[in-house]
Number of protein chains: 2
Amino acid sequence: MIMKKIMNAPDHFVDETMEGIIAAYGDRVKLLNGDKRVLLTNYEVKEGKVGIVTAGGSGHLPVFLGYVGSGMLDGCAIGNVFASPSYTRMADMIRACDHGSGVLCLYGNYGGDKMNLEQAREDVEFDDIATTAVYVGDDVCSSPKETAQNRRGVAGMVYAFKIAGAAADKMMSLEEVTKVTQKALENIRTMGVATSPCIIPEVGTPTFQIGENEIELGMGIHGERGIQVREMMRADDIAQVVMDNILEDMPLSAGDEVSVMVNGLGATPLEEQLIIFRKVSQILSEKGVTVYMPHIGEFATSMEMSGLSVTVFKLDEELKELLRAPAVTPFYTNLNK
Amino acid sequence: MIMKKIMNAPDHFVDETMEGIIAAYGDRVKLLNGDKRVLLTNYEVKEGKVGIVTAGGSGHLPVFLGYVGSGMLDGCAIGNVFASPSYTRMADMIRACDHGSGVLCLYGNYGGDKMNLEQAREDVEFDDIATTAVYVGDDVCSSPKETAQNRRGVAGMVYAFKIAGAAADKMMSLEEVTKVTQKALENIRTMGVATSPCIIPEVGTPTFQIGENEIELGMGIHGERGIQVREMMRADDIAQVVMDNILEDMPLSAGDEVSVMVNGLGATPLEEQLIIFRKVSQILSEKGVTVYMPHIGEFATSMEMSGLSVTVFKLDEELKELLRAPAVTPFYTNLNK
């Protein structure tokens, strides 16, 4: 697999992606002081609304930049592909997103992002900005249940952005927004599978390999090793093993209501995502579980990696209301009122 | 390139995709009498609204099924991957989508689809259903300007669906809807490039090849040969050659307003699509042309093919109003009022 990316130069990959976003969606988003690594909402923010921010590596669009706008994220700092942004950028972003009521920092549970965001939070303390932090760790295959605090954040973070953004829009306090986001995350589980690798532009070769007729179960969105490599499986068997892992970790009972996200990792056709959703919805239906507002498409990718993830988000009335609340960002539009 | 698709069996690929759509979006769409090859809107249709329908092969999601709903298509008949549906299915669909004011058949300019739809239109004449037909032929590379009537329909058909659907929603007559859709198409041009092939499930091997370090310019969405094979190019050079071809065919002047669609063919990351949009918008800006409602993402794909297309849609006030009119379908949501 040689690198065949539609780009100008590896060093410009992230900046030019950001320039494309600004050129296309300048009505919804803007740069912070011209910095091509910090994106802010361009919608008017109500005074006193809690700010919702995130930070992380590039290469996962629509995560993270695609969710800045109205009803989700107020700001986002990005680094190079799969690399954390600096803590000074994160601190600048937090300052820009405080509107008097503090800022929730909502990010994937990765070492670099965590360390830098903690330092950024200390930094803004001197400006008397209150912050809270919630780490997303929805990937059930990245650590056993007993050490769930070590789990990585994957596509489930999109649901977390949506819930936190809607809670902030309702003018809930920082403490309340943080609490409901934590509640959401306790009810979100994801598992992914990959069938081909991706290439970091600055590296130029795949960072891992998957055999020609193999599928890797439980793989992370940066190519972190999964729990098992198997011969390529049928779609229904993939859906079954994914749902077995998710439901073992978070059992569901008849009468439960969930949202389901089938997320393409980048190169997987929508047809295949729908074939997986078909089986996932059958498995849930057989258990008496109802699906509310399914999300099918590319939400958190790894550039040209192929494969997909399934996220199950168990809902209650409060979470349903926040999930269906309006949002408009470059890559997420919610019509419901 | 071996076939590594997330599916159960080649013969079930299309039916199970359809089952996934119904499972996910049963509030927006429904089958016609349980037929897994004909999808209808599940929204209430105003009596007397002109019906908008299309038909074509599978393997291009969100084209076609993803645009059935409210404000775009009322019905869609599909065949196997890259194969036309039967004319009897098309006729059944047309009958189901007539609400007393006739039906516009809006489809890509491909031999099989054309032949079958013409026969279907003759068939429904016996039921006194008035129909018109508009063939989409937006691909500038598929035939020279002098024989533009032979051009293939590609991503530009999504704009045509939007305009026709909005015109019908405004309760315009069949003649008026047909006329404004034709006007839209006279102002729509597309060119695509491909960097890797795709595999038809029933075939199992790629139907064409692109060299490891090559890009094919002007390629069609079924792998139809393009106008040139070149060594892999920089993104800005790709955007330039695409825009040169489009603008030669449809010149633009300072003050013109256009919508631009950068459409990923299936495996091309959003980052790369945005890098192309960045340059396209620079080229237009230098000419004094304004971009209105850009569309960036996957709109008309070829499963796992990589590459992208650029569509330029020259607008006037009437077309702008129709473009921004509300629409809700499984894969297209327009918020504007």
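Residues numbered from 1 in each chain as written. Chains lettered and ligands numbered in written order. Predicted model: local features only at pLDDT ≥ 70, side-chain atom pairs only at ≥ 80, totals over all residues.

Undergrad: Break down the overall build of chain A for me, with residues and values.
TA: If you tally the helices and strands in chain A, you get 8 helices and 15 strands. With the C-alpha coordinates aligned to their principal axes, the bounding extent of chain A is approximately 55 × 50 × 35 Å. Going through the 337 residues of chain A one by one, you find that 59% of them count as buried. Of the contacts formed within chain A by residues at least 6 apart in sequence, a portion of 72% connects residues at least 24 apart. (Helix = DSSP H or I, 4+ residues; strand = E, 2+ residues; numbered from the N terminus. Buried ≥ 20, exposed ≤ 12 C-beta atoms within 10 Å, placed from the backbone. Contact = placed C-beta atoms within 7 Å.)

Undergrad: If you had to explain the relation of the copies chain B and chain A to someone new, which residues and values would you point to?
TA: Laying chain B over chain A is done by rotating through 180 degrees and shifting 0.0 Å along the axis; what remains is an RMSD of 0.0 Å. The superposition operator between the copies reduces to a two-fold rotation axis. Considering only C-alpha atoms, the residue of chain B closest to the rotation axis is alanine 267 of chain B, which sits at 1.8 Å. (Least-squares fit on C-alpha atoms with pLDDT ≥ 70 in both.)

Undergrad: Explain helix α4 (residues 156-169) of chain A to me, using residue names and the numbers behind them.
TA: Residue and element names in this part refer to chain A. The terminal C-alpha atoms of α4, which comprises 14 residues, lie 20 Å apart, in line with the 20 Å expected from a rise of 1.5 Å per residue. Of all 14 residues making up α4, 14 are buried, and the element is well covered by its neighbours. Positive backbone phi, approximately 65 degrees, marks methionine 171, located one or two places after α4. (Expected span 1.5 Å × (residues − 1).)

Undergrad: Break down the packing of helix α6 (residues 235-249) of chain A against helix α7 (residues 270-286) of chain A for me, citing the residues and quoting the values.
TA: Residues and elements named next belong to chain A. Remark: α6 packs on α7, axes separated minimally by 9 Å, with the N-to-C direction vectors making an angle of 50 degrees. If you check the angle between α6 and α7, you find them oblique. The crossing of α6 and α7 is right-handed. Between α6 and α7, the contacting residues are Ala235, Asp236, Ile238, Ala239, Gln240 and Met243 on the first element and Ile275, Ile276, Lys279, Val280 and Ile283 on the second. Residues belonging to the contact of α6 with α7 are distributed by class as follows: 8 nonpolar, 1 polar and 2 charged. (Axes fitted to C-alpha atoms, helices over the stretch in contact; angles between N-to-C directions. Parallel < 35°, antiparallel > 145°, perpendicular 65-115°, else oblique. Left-handed = near helix turned anticlockwise from the far one by under 90°. Nonpolar A, V, L, I, M, F, W, Y, C, P; charged D, E, K, R; others polar.)

Undergrad: I'd love a proper account of the nonpolar core, names of residues and values included.
TA: Counting 228 residues, the largest nonpolar core has Ile163 and Ile276 of chain A together with Ile163 and Ile276 of chain B as its most contacted members. Setting aside its immediate chain neighbours within four residues, isoleucine 163 of chain A contacts Val180, Thr181, Ala184, Leu319, Leu322 and Leu323 of chain A. (Core = buried A, V, L, I, M, F, W, Y, C linked by C-beta atoms within 7 Å.)

Undergrad: So what about the domain arrangement of chain A? Which residues, and what values?
TA: All names here are of chain A. Looking at the assigned domains, one finds that chain A contains domain 1 (10-186) and domain 2 (188-316). Computed from C-alpha coordinates alone, the two centres of domain 1 and domain 2 are separated by 23 Å. Residue-level contacts link 25 residues of domain 1 with 30 residues of domain 2. Counting only elements with at least two residues in the side of domain 1 that touches domain 2, the list comes to β4 (75-81), α4 and α5 (174-186). At 4 residues, the largest contribution of residues to the side of domain 1 that touches domain 2 is made by α4. (Domains from an automatic or database assignment.)

Undergrad: An account of the sheet that holds strand β5 (residues 103-108) of chain A is requested, with residue identities and associated values reported.
TA: All names here are of chain A. As summarised here, the arrangement of the 6 strands in space is β1-β2-β4-β3-β5-β6, forming an open sheet in which the pairing is mixed. For this open sheet the edge positions go to β1 (29-32) and β6 (131-136), each flanked by a neighbour on one side alone. Within this sheet the neighbouring strands show an average axis-to-axis angle of 25 degrees, counted without direction. Contacting β1, β2 (35-41), β3 (51-58), β4, β5 and β6, helix α2 (residues 87-96) crosses the sheet at an angle of about 25 degrees to β2. Each of β3, β5 and β6 is contacted by α4, which is oriented at about 170 degrees to β5, the strand it contacts most. (Pairing = 2+ DSSP bridges.)

Undergrad: An account of the interface of chain B and chain A is needed here, citing residue identities and associated values.
TA: Listed by partner, the interface residues are 47 residues for chain B and 47 residues for chain A. Looking at the side of chain B that touches chain A, the elements with two or more residues in it are α1 (13-25), α6 (235-249) and α7 (270-286) of chain B. With 9 residues, the single largest contributor to the side of chain B that touches chain A is α7 of chain B. Tallied by class, the residues present in the side of chain B that touches chain A amount to 25 nonpolar, 11 polar and 11 charged.

Undergrad: Could you give an account of helix α8 (residues 317-324) of chain B, with specific residues and numbers?
TA: Residues and elements named next belong to chain B. Turning to α8, its buried residues number three or more, namely Leu319, Leu322 and Leu323. Each buried residue of α8 sits inside an arc of 100 degrees when the element is viewed along its axis, so together they form one side. Check the buried side of α8 and you find it contacts α4 (156-169), α5 (174-186) and β10 (257-264). (Arc of directions from axis to C-beta.)

Undergrad: Lay out the sheet that holds strand β5 (residues 103-108) of chain B with the relevant residues and their values.
TA: Residue and element names in this part refer to chain B. Read from one edge to the other, the open sheet built from 6 strands follows the order β1-β2-β4-β3-β5-β6, with strand pairing classed as mixed. Unpaired on one side and paired on the other, β1 (29-32) and β6 (131-136) mark the two borders of the sheet. For this sheet, the mean angle separating the axes of adjacent strands, direction not counted, is 25 degrees. In this structure, strand β3 (residues 51-58) lies alongside β5, joined through 3 bridges in parallel fashion. For isoleucine 52, the partnering residue across the bridge sits in β5 and is leucine 104. Sheet strands in contact with α4 are β3, β5 and β6, and its direction is about 170 degrees off that of β5.

Undergrad: I'd love a proper account of the environment of leucine 106 of chain A, names of residues and values included.
TA: Its place among the elements puts leucine 106 of chain A in strand β5. Placed 53 residues apart in sequence, leucine 106 of chain A and tyrosine 159 of chain A show a C-alpha to C-alpha distance of 11 Å.

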